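Residue-level listing of the chains:
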Amino acid sequence: MGRYVARRLLQMIPVFLGSTLLIFLMMHALPGDPVRAMWGEQAIDPSQIARVKHDLGLDLPLWHQYWNYLSGLFQGDFGTQIASQRPVADVIADAFPVTIRLALFAFVFTVVVGISLGVLAGLRADRLLDKGVLFFTLLLVSVPSFVLGYAFQFLFAMKLGWLTPTVQNSEDFGQLFMPAIVLGSLSLAYVTRLTRTSIAENLRADYIRTAVAKGLPRRRVVGVHLLRNSLIPVVTFLGTDLGALLGGAVVTEGIFNINGVGRVIYEALNRHEGSTVTGVVTLLVIVYLLASLIVDLLYAVLDPRIRYA
Amino acid sequence: MRGVARARWVVCALSVALVASGCGGGGSSGGSGVVRASWGDPQNQLEPANTNEVQGGKVLDMIFRGLKRYDPRSGAAENMLADKIETSDQQNFTVTVKDGWTFSNGEKITSKSFVDAWNYAALVDNKQKNASFFAYVDGYDKVHPTSGTATAKTLSGLSVKDDRTFTVKLRTKFSTWPDTLGYVAYAPLPAAFFENHAAWLKKPVGNGPYLVDSYDKGSSMKLSKWDAYPGPDKAQNSGVELRVYTDNNTAYTDLQAGNLDLVDDIPSAQLKNVKNDLGDRYINQPAGIIQTLAFPMYDPAWSKSGLEKVRRGLSMAINRDQITDQIYRKTRTPATDWTSPALGDKGGYKAGLCGDACKYDATAAKKLIQDGGGLPGGRITLTSNVDTGSHRVWMDAVCNSINNALGNDRACTVNPIGTFADFRAQTTEQRMTNPFRSGWQMDYPLIQNFLQPLYYTDASSNYGKFSDPKFDNLVDEANAESSADKANAKFQDAEKILAEQMPAIPLWYQNGSAGYSERLSDVTLNPFSVPVYEQIKVG
């Protein structure tokens, strides 16, 4: 187990290097010059541009820039933003906690509500409740998140006045409630459907019949024997989903005015802030890698037949 | 049944959370008397000489006062910190600073506060974006050479005479130069700016009617009234809270929900509702911004003689009224010259200088284009970045208008470019072979600012490389005139040359728009379409 984890962690190093290089090259390949764009509609000043580029090392050959970036990274230096002269580490430190709060909120919502609904629907497959859940999840899958976001905003904030339409204070979980639900709704639909199918199928499995025949209470049959075996596909999905919730919240963060990672990436892309995009995306890659490691370890917990050496 | 019971519990928990947060929600801050206004995160550090965009400009306008200030209504430059600015030859100026002004940290404002600030701004090592504004001052080429390192640390044209006077020697005659001094780049700076730069950036200290209380980058800035402000334009509210919004739709939603008091950019999707939603709490007035279609005059296909007819014809083929009406819902005004109505008469604006060439006339347009030998290559493409400002939509409409006038569906097509950075690179490297969008936002409300940087030979923003000796002469003469009125008349004559040559087609003047809540009164926009925060009354 320990050796397995160590091996997986070591495998992350080439993935990490490769992904930073790829993103770094992609940002460089984007047309246009971010330093020049800083002057907007106004007259540009070549000597100034040369000076800014020199100070940020943007006039060096590409391999040299990448080398500087990497060696900085190992000293905890994520580089500096071109326009604001702010260390990228500061930008990340500002944005990540907000997004992590939002993503965890959405994640907990997805897990709790999604698995509950899925279990309920799976236990009563093809009955009215199951059909209802099927329809509900179909709706969530087909409605884009921004439609849901605006609809919620209109209904709960403008018409009913229960909530503030936007997040004024990102540490207030009450205000994060609506964006979290919007953000988690698509995953909710998938989790519900995965759980439902898995439960409905395993319900007919031999070991369930055995458990029931042994006279175990229903709570134990469903809660332990059935759920534990049915959760493997759901856990696989949830693992990758956590990464998507962290990085893919651009639209939701925009609608609810949340200063999170999605917005940072969006702005940085618009402004061609290469070091910011590379830094943030690299962190997201690491989150994905760690999440998939945890998923793999959870397999062993859920299914004792799986062993890692 | 157990399952159902559990489901009920989940639903209850959710609704409890909903209700609880409903009760907790709405607790937005903003004490009485504080204006909560929408804002965008300034891209650059908040230094006066390094801020060339409107969001940072808003803050600097609240915390700084310069020698001159543009009247929020008329746009006329009026003395603020300047007691008097005198010249006898339009080239050597003596500036006298008023007595009794201090920075908010108590430091006295002297002539040195200005000279140090200007020297800092001009020096190439300090990488200030507005450095080029000091190019008029003698010695700029020493402190800011086009390549290599600076050979001097200070501008030789500036010298401090005593605590309240300093002299400025310009490189050439420039009679209206004092009127440019209302621009924020010319603001004075306290010693703290130079001594502890990092701390100053965290919490800027200025001499305007507001103080910066806190700056939470990426989310908000809180400013409060400076009670001891020595100027005549004291704040009428107790403070301003600027909140960062990335999406103007979201800000508009917050305005309607009562979470925000002032939105200074109405989203285009809401323009058709805004009158219903806000009534007379909606402002729509000309700002100092003009959009034009510039021709690549460096390309012989566009600059050879006779082609001016084609350029004029294209201008006449554009139905500006229809486009500003239907696409922009009157938040743009059809242009009839190359400046902006925001200048006012004093600033040199005169409607109709473009003459017939800017009036829609499809038949005359077709005839002119044919007389001029037709479109170069038989067809044209319009290029612009399309990431902001509904540029894609108007380009389609302009092309449509041209195609209809010429009776040829393929005469005009659009070439949308994804990002501004890419578009800017292509225009500055002269890769355009067809008309491209050229927008201009004024730095100071003077006609000179709309003409010289854009159409003077080899001027800094003359991306089409237009060059006309008669135009250049008129601009030089105008700058040497002793009175503003005479200078304006010369500049207007120069505009008539643009009307003949049509190096850029004036499209429309951009308006500034704003909406505010019932809590506020006395909300106005200045000629730069920035709200005049200090005049706003709350309650």
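Please read these numbers as outputs of a predicted model, since none were measured by experiment.

K.L.:
How do you make sense of empty space enclosed by the protein when you look at a structure like this?
P.N.:
Rolled over the atoms, a probe with the dimensions of a water molecule shows which regions are left empty. Residue and element names in this part refer to chain B. Applying the stated criterion to the full structure yields two cavities of 30 Å³ or more. As a volume, the largest cavity reaches approximately 90 Å³. Lining the largest cavity are 13 residues, with A294, L454, Y455, N462 and G464 sitting closest to its centre. Elements that contribute at least two residues to the lining of the largest cavity include exactly β12 (282-294), β16 (436-441) and α16 (447-455).

K.L.:
Any chance you could explain a nonpolar patch on the surface here in plain terms?
P.N.:
All names here are of chain A. Taken together, the side chains of F146, V147, Y150, V250, V251 and Y266 make up a nonpolar region of the molecular surface, amounting to roughly 510 Å² of accessible area. Mapped by element, the contributors of at least two residues to the nonpolar patch are α7 (145-159) and α11 (250-255). Per-element tally for the nonpolar patch: the top contributor is α7, with three residues. The residue Y266 is located in helix α12 (residues 261-270) in this model. Residue Y266 is classed as partly exposed on the basis of its relative accessible area of 47%.

K.L.:
Is there a simple way to explain the interface of chain B and chain A in this structure?
P.N.:
Many structure descriptions define interface size as the accessible area lost when the parts assemble. Every contact between the two is made by 63 residues of chain B and, on the other side, 48 residues of chain A. Between chain B and chain A, roughly 4,900 Å² of surface is buried when both sides are summed, and carbon and sulfur atoms account for 53% of that area. Applying the counting criterion to the chain B and chain A interface returns two salt bridges. For the salt bridge of K127(B) with D55(A), the shortest nitrogen-to-oxygen distance reads 2.7 Å. Here chain B and chain A share six residue pairs in polar contact (both at pLDDT 80 or more) between them. Going through the elements one at a time, α1 (2-24), β10 (239-244), α7 (248-256), α15 (420-428) and β16 of chain B are the ones with two or more residues in the side of chain B that touches chain A. Ranked by the residues each element gives to the side of chain B that touches chain A, the list is headed by α1(B), at ten residues. Taken together, the residues of the side of chain B that touches chain A break down into 20 nonpolar, 29 polar and 14 charged.

K.L.:
Please clarify how the environment of T250(B) should be interpreted in this entry.
P.N.:
In this structure, T250(B) sits in helix α7. Here T250(B) is in contact with T166(A), G254(A), I255(A), F256(A), N257(A) and Y245(B), once residues within four sequence places are set aside.

K.L.:
Would you take a moment to explain the pattern of salt bridges for this structure?
P.N.:
When charged atoms on two side chains of opposite charge get close, those side chains can pair. Residue and element names in this part refer to chain B. Inspection of the entire model under this criterion finds 32 salt bridges over all chains. Linking D493 and K496 is a salt bridge whose minimum nitrogen-to-oxygen distance equals 3.6 Å. You can see D493 and its partner K496 sitting in helix α18 (residues 484-501), three residues apart, about one turn around the helix. For K496, a relative accessible area of 39% translates into the label partly exposed.

K.L.:
Can you help me understand the packing of helix α5 (residues 88-123) of chain A against helix α10 (residues 218-247) of chain A in this one?
P.N.:
Residue and element names in this part refer to chain A. α10 packs onto α5 with a crossing angle of 145° between their chain directions and a minimal axis gap of 10 Å. Between α5 and α10 lies a crossing of right-handed hand. Here α5 contributes T99, I100, A103, A106, F107, T110, V111, I115, V119 and L123 to the contact with α10, which in turn contributes R218, V222, L226, L227, L231, V234, L238, L242, L245 and L246. Counted by class, the contact of α5 with α10 contains 17 nonpolar, two polar and one charged residues.

K.L.:
I would appreciate a short explanation of the sheet that holds strand β5 (residues 92-97) of chain B in the present structure.
P.N.:
Backbone hydrogen bonds are what pair the strands of a sheet, in a parallel or an antiparallel way. All names here are of chain B. If you walk across this open sheet you meet the four strands as β4-β5-β7-β6, and the pairing is antiparallel. Among the strands making up the open sheet, the edge pair consists of β4 (82-87) and β6 (158-160). The average angle at which neighbouring strand axes cross in this sheet is 20°, direction not considered. Relative to β5, β4 runs antiparallel, the two being bridged by five bridges. Paired with E86 across the two strands is T94, which belongs to β5.

K.L.:
Could you clarify how one ought to interpret helix α17 (residues 469-480) of chain B in this entry?
P.N.:
It helps to recall that an α-helix has 3.6 residues per turn; residues three or four apart then point in one direction. Residue and element names in this part refer to chain B. Over its twelve residues, α17 extends 17 Å from the first C-alpha to the last, a length consistent with the 16 Å expected when each residue adds 1.5 Å. Listing the buried residues of α17 in full gives F471, D472, L474, V475, A478 and N479. Buried residues of α17, seen end-on, are gathered within an arc of 165° and therefore sit on one face of the element. In α17, the exposed positions angled more than 90 degrees off the buried face are occupied by P469 and K470. On its buried face, α17 is in contact with α16 and α18. The backbone nitrogen of K470 has a side-chain oxygen 2.8 Å away, supplied by the residue at the start of α17, namely D468.

K.L.:
Would you take a moment to explain the nonpolar core for this structure?
P.N.:
Grouped burial of nonpolar side chains is what soluble globular proteins tend to show. Core analysis: the largest hydrophobic core is formed by 148 residues, its most contacted members being L67(B), W118(B), F134(B), V168(B), L242(B), L314(B) and Y533(B). Looking at this core, the element that brings in the most residues is helix α14 (residues 391-406) of chain B, giving eight residues. When near neighbours in sequence (up to four residues on either side) are disregarded, L67(B) contacts E78(B), N79(B), M80(B), L81(B), A82(B), V95(B), V97(B), F114(B), W118(B), F166(B) and L181(B). Core analysis: the second largest hydrophobic core is formed by 61 residues, A180(A), L188(A), I265(A) and V285(A) among them.

Calculation rules
Residues numbered from 1 in each chain as written. Chains lettered and ligands numbered in written order. Predicted model: local features only at pLDDT ≥ 70, side-chain atom pairs only at ≥ 80, totals over all residues. Heavy atoms only, no water. 1 Å grid on protein atoms, 1.4 Å probe; cavity = no way out; pocket = protein on both sides within 12 Å on 5 of 7 lines; lining within 4 Å. Points joined across faces, edges and corners; volume = space filled by probe spheres on them. Helix = DSSP H or I, 4+ residues; strand = E, 2+ residues; numbered from the N terminus. Patch = residues over 30% accessible without salt bridge, like charges linked within 9 Å, V, L, I, M, F, W, Y side chains within 5 Å. Areas by Shrake-Rupley, 256 points an atom, 1.4 Å probe, with all protein chains shown as cover. Salt bridge = Lys/Arg side-chain N within 4 Å of Asp/Glu carboxyl O. Buried < 20%, exposed > 50% of the residue type's maximum accessible area, 1.4 Å probe, protein only. Contact = heavy atoms within 4.5 Å. Buried area = accessible area lost by both parts, 1.4 Å probe. Polar contact = N/O pair within 3.5 Å; in protein donor to acceptor, adjacent residues only side chain to side chain. Nonpolar A, V, L, I, M, F, W, Y, C, P; charged D, E, K, R; others polar. Axes fitted to C-alpha atoms, helices over the stretch in contact; angles between N-to-C directions. Left-handed = near helix turned anticlockwise from the far one by under 90°. Pairing = 2+ DSSP bridges. Expected span 1.5 Å × (residues − 1). Arc of directions from axis to C-beta. Core = buried A, V, L, I, M, F, W, Y, C linked by side-chain atoms within 4.5 Å.

These results come straight from atomic positions and should not be treated as a statement about function.
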